[in-house]
Each structure stands twice: as C-alpha cells, then as structure tokens.
Amino acid sequence: MGSQEVKLLNILLSPMCRRVEWALKLKGIDYENIEEDIFNLSTLLKELNPVHNKAPVLVHRQKPIAESLIILEYIDETWNQYPLMPHHPHQRALARFWANLADDKLAKGSWVAIMRSSGDEQEKKVKEVREVMEKLEEEIKGKKFFGGDNIGYLDIVLGWITCWLPIW
C-alpha cells in the first residue's frame, strides 16, 4: 500500500503521536507523515479534528480518525499483520482498561505533577502516579511484554513512559 492512502498528522514531541507511529511501523504500513507545529496548528488539522483540534489524526482513504487509542484499534482492525490487541475478548477488555487508566491517571497525572503543580498538590499527584505504576508493574510481572512474547497494544500505549517520565 502506498503512503498516499495513509497520512498521519503528527507532533514531534507528543507521546500520543508516537503511539500511532509505532503501530504503523510494527504493522509495516507506509504512510505520509505530516508534521504539525504545536504552537501553530494547520488548517488541515483543524478541519480533520474540529472537536479537539489536536494530533494525532490518521487519515486513511480520505477519512480522518482522531484520538490515539481509537486510532490504534482502527489500525489493528484494518491491517491484520502483526496483531496488537489480544485475541480473547476478556484480554482485549483488560488491555483497554489499562490503557484508559494509563491515559487518565498516569499521563494526565504526570503532566500535572511535572508541569502544573507544586507543593502538596504535586506530592499528591506523584503519589497517584506511583500507585498506578505499581499496579502496572504487577500486571507485567513475569512477562516479556504486556502483550506476552510480542509488543502489543498496551506496550505501545505505555511506551512513552520511558522517555517522558522522570524517576521519582
């Protein structure tokens, strides 16, 4: 498939955009990367994601898909090579649960702890983030990846941690 069918509106330092890039690369999908300026978003991005006006946005056959977790599932359902989601419905539900928890508590909590708080508020957020990290450590215990022997959906969702979070 040529890259003219798949485009990714992307912001270089966005962990949510990295997720989509990693999934496309794992699946071997050619795509056109359209780099956005985080301080001056393009008209195209605003047209393709008018609700949130943010990246990533995947465009496949002229149809936009927004929000990284939704995009990851779309990629997995559209291209069968290298499955990202577990096969069993219960395992898929658990992967979605952990992904949503990671986005809600880990990503947002880390952002607040690092960039938007100080003092008692910061300590509270750091504690919340640590608790989620401990739960995730229990979930991966004894496994090579969250997805088992291969990188999967949850590994991609959580991959940003190694390059974005300081060690507390």
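A few points on the structure. (Residues numbered from 1 in each chain as written. Predicted model: local features only at pLDDT ≥ 70, side-chain atom pairs only at ≥ 80, totals over all residues. Heavy atoms only, no water.)

Right, let's get into the sheet that holds strand β4 (residues 63-66). Across the sheet, which stays open at both edges, the four strands sit in the order β2-β1-β3-β4 with mixed pairing between neighbours. Of all the strands in the sheet, just β2 (32-35) and β4 have a single pairing partner and so form its edges. In this sheet, adjacent strand axes meet at a mean angle of 20° when their direction is disregarded. Of the pairings in the sheet, the one linking strand β1 (residues 6-10) to β2 comprises four bridges and is parallel in character. Looking across to β2, one finds that N10 is bridged to E35. Here helix α1 (residues 15-26) sits on the sheet in contact with β1, β2 and β3 (57-60), set at roughly 155° to β1. (Pairing = 2+ DSSP bridges. Helix = DSSP H or I, 4+ residues; strand = E, 2+ residues; numbered from the N terminus. Axes fitted to C-alpha atoms, helices over the stretch in contact; angles between N-to-C directions. Contact = heavy atoms within 4.5 Å.)

Applying the stated rule across the entire model yields two aromatic pairs. Here the aromatic rings of Y74 and W79 are separated by 6.4 Å at their centres, their planes lie at 85°, and the arrangement is edge-to-face. Between F97 and W98, the aromatic rings sit 5.1 Å apart at their centres with planes inclined by 75°, giving edge-to-face as the arrangement. The exposure class of W98 is buried, given its relative accessible area of 12%. (Phe/Tyr/Trp six-rings, centres within 6.5 Å; stacked < 30°, edge-to-face > 60°. Buried < 20%, exposed > 50% of the residue type's maximum accessible area, 1.4 Å probe, protein only.)

Looking along the chain, the bond that leaves A55 and enters P56 is cis, with omega of 10°. A positive phi angle is found at N53, which is not glycine, with a value near 50°. Phi is positive for R61, which is not a glycine, with a value near 55°. Tracing the backbone through its elements, the reader meets R61 in the loop between β3 and β4.

Moving on to α1. When the terminal C-alpha atoms of α1 are compared, their 16 Å separation across 12 residues agrees well with the 16 Å that a helix rising 1.5 Å per residue should span. Within α1, burial applies to P15, C17, R18, R19, V20, E21, A23 and L24. Put simply, S14 is the residue that caps the front of α1, since its side-chain oxygen is 3.2 Å from the backbone nitrogen of M16. A positive backbone phi angle near 70° is found at G28, which sits one or two residues after α1. (Expected span 1.5 Å × (residues − 1). Polar contact = N/O pair within 3.5 Å; in protein donor to acceptor, adjacent residues only side chain to side chain.)

Scanning the entire structure with this criterion turns up nine salt bridges. Two residues, E131 and K127, come together in a salt bridge whose shortest N-O distance is 3.4 Å. Remark: K127 and E131 occur in helix α5 (residues 119-140); sequence separation between them is four residues, near one turn of the helix. Judged by relative accessible area, which is 53%, K127 ranks as exposed. (Salt bridge = Lys/Arg side-chain N within 4 Å of Asp/Glu carboxyl O.)

All right, on to the environment of P15 then. Within the secondary structure, P15 sits in helix α1. Along the sequence, P15 and A107 sit 92 residues apart, while their C-alpha atoms lie 9.3 Å from each other.

Moving on to the nonpolar core. Taken as a class, soluble globular proteins show a tendency for nonpolar side chains to be buried jointly. With 34 residues, the main nonpolar core has L24, L58, I75, L106, Y153 and L158 as its most contacted residues. For this core, the elements supplying multiple residues, two or more each, are β1, α1, α3 (68-78), α4 (89-116), α5 and α6 (153-158). Take this core: its biggest share by element is seven residues, from α4. Ignoring anything within four residues of it in the chain, the contact list for Y153 reads L69, L72, E73, L84, M85, A95, R96 and A99. By size, the runner-up hydrophobic cluster in this structure holds eight residues, among which are I11, I34, L45 and V57. (Core = buried A, V, L, I, M, F, W, Y, C linked by side-chain atoms within 4.5 Å.)

Relative to the elements of secondary structure, R18 occurs in helix α1. A polar side-chain atom of R18 sits 2.5 Å from a polar atom in the side chain of E21. Every residue in contact with R18, bar those within four places of it in the chain, is listed here: N10, I11, L12 and L13.

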